[in-house]
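Structure at a glance
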Protein chains: 2
Amino acid sequence: MSYTYDYPHYAVTADIVVFTIRDGTLQVLLVKRGAAPFKGRWALPGGYLKPDEDLEGCARRELEEETGLAGFYLEQLYTFGAIKRDPRERVITVAYFALIRSDAVSLRPATDVVGADWTALDALPPLAFDHEQIIAYARERLAAKLDYSTLAFQFLPERFTMRELHAVYETVLGKPLDRRNFYKKMLASGELQETAESRLEGAHRPAAVYRLRHPGEVRITR
Amino acid sequence: MSYTYDYPHYAVTADIVVFTIRDGTLQVLLVKRGAAPFKGRWALPGGYLKPDEDLEGCARRELEEETGLAGFYLEQLYTFGAIKRDPRERVITVAYFALIRSDAVSLRPATDVVGADWTALDALPPLAFDHEQIIAYARERLAAKLDYSTLAFQFLPERFTMRELHAVYETVLGKPLDRRNFYKKMLASGELQETAESRLEGAHRPAAVYRLRHPGEVRITR
């Protein structure tokens, strides 16, 4: 089948940057390409837009086909359209990002790829296309949004301690954060609800267990 | 000339939401369409991506062709790709937004349009395509970014008083802001530099005149 148009049209794809925290590091989900170009190289999950799906639908379908992951919070990140970003022809890609708890899922790669795995952001292999650039941009956005939204809670189970939340922020931002100020700021945000539960953490007295006041949504906190 | 591909390709456009403040209201730049579809209706400036330009280059070229405006800070907003957003065929549009001082420019519409003008956001006529939705999204982003960046200063001349800055924020956010808190927050941001100049405003004592410490760039303030 062929498609003919009377002015230039472009291939459109969606690519997805899925972040998780594993082994105390920020990691990203990569797939190993099964076909040219960049066959055998690691890349972001993603693929071509179909005529009957919207952009986010394309991102969700490709993510599920290539990694088995479904049902996560996705946010549109940025659209990359540099002229030579694909060696075959001009491809405009709409990038999305997602945050998940990797301990709650298992990867089941299917179409087009020969593997899917988590990789630490500070140990990325050479990637296909401009995917390093897309990941760098996603990381920047993620770090910025931590400061003014409840995005980081996507990395945590429904119930968590302040110490766990603090560890998430330190891991994503890649720097130590004063514990006392952090606790104060989080409690002042109005987003946390203390539960009746408490938990032993190390040699300390039992730690309060919190949950989000509005779970299941990402909220802007100012 | 015709273009043939062996899988679906899409028309790609850039549309630009240009905000200004005029007569104490937040206004947006619209063009009157000279051709079908929606001939004679108001729309955002924008048009088709050419093979030899990147996405932002397309936005800048279309903005200049249709309105005469050039050389402004542009930021990618969001990509809209709903299946039926254009009645002719599927068109993916990458939306940009810009903030300018309307008193510093004059409009000179050229190709494809029969007019260009500023319209208050609370008095928009019916628009072509999904342009109401794009403008609503741009306004939301603009209001959010006021809180954590120096974006609003794009609306002001190089030198300004605290009263003028306060008026910009109130106009964009569409609500009164406590003057004393606002002044305090702005002075604490570290982005302002007091000049040797002062200015008479109404019946008050002379007001200090400020400038940005880093003019010509939009900075994230936290």
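Note that the structure is a prediction, hence the values are computed from the model and not measured. (Residues numbered from 1 in each chain as written. Chains lettered and ligands numbered in written order. Predicted model: local features only at pLDDT ≥ 70, side-chain atom pairs only at ≥ 80, totals over all residues. Heavy atoms only, no water.)

So, on to the sheet that holds strand 11 (residues 207-212) of chain A. Residue and element names in this part refer to chain A. Taken in spatial order, the three strands make up an open sheet running 9-11-10, and their pairing is antiparallel. The outermost strands of the open sheet, each flanked by one partner alone, are strand 9 (160-161) and strand 10 (192-199). Relative to strand 11, strand 9 runs antiparallel, the two sharing two bridges. When the sheet's bridge partners are listed, Thr161 is paired in strand 11 with Val209. (Pairing = 2+ DSSP bridges. Helix = DSSP H or I, 4+ residues; strand = E, 2+ residues; numbered from the N terminus.)

Once that is clear, we can look at the packing of helix 2 (residues 131-146) of chain A against helix 3 (residues 162-173) of chain A. Residue and element names in this part refer to chain A. Their axes nearest at 10 Å, the elements helix 2 and helix 3 cross at an angle of 145°. As helix 2 packs across helix 3, the resulting crossing turns out to be left-handed. Residues Arg139, Leu142, Ala143 and Leu146 of helix 2 touch helix 3, and the partners they reach there are Tyr169, Thr171, Val172 and Leu173. In the contact of helix 2 with helix 3, the residues fall into six nonpolar, one polar and one charged. (Axes fitted to C-alpha atoms, helices over the stretch in contact; angles between N-to-C directions. Left-handed = near helix turned anticlockwise from the far one by under 90°. Contact = heavy atoms within 4.5 Å. Nonpolar A, V, L, I, M, F, W, Y, C, P; charged D, E, K, R; others polar.)

Once chain A is rotated about the relating axis by 180° and shifted along it by 0.0 Å, it coincides with chain B to within an RMSD of 0.0 Å. This pairing of chains is accounted for by a two-fold axis. Identified as the residue of chain A closest to the rotation axis by C-alpha distance is Thr4 of chain A, at 2.1 Å. Same-surface contact between copies: 100% of interface residues of chain A are shared with the interface of chain B. (Least-squares fit on C-alpha atoms with pLDDT ≥ 70 in both.)

Residues and elements named next belong to chain A. Tracing the backbone shows Thr13 in strand 2 (residues 11-22). For Thr13, a relative accessible area of 8% puts it in the buried group. Contact partners of Thr13, with chain neighbours within four places excluded, come to Gly47, Tyr48, Leu49, Val91, Ile92, Thr93 and Val94. (Buried < 20%, exposed > 50% of the residue type's maximum accessible area, 1.4 Å probe, protein only.)

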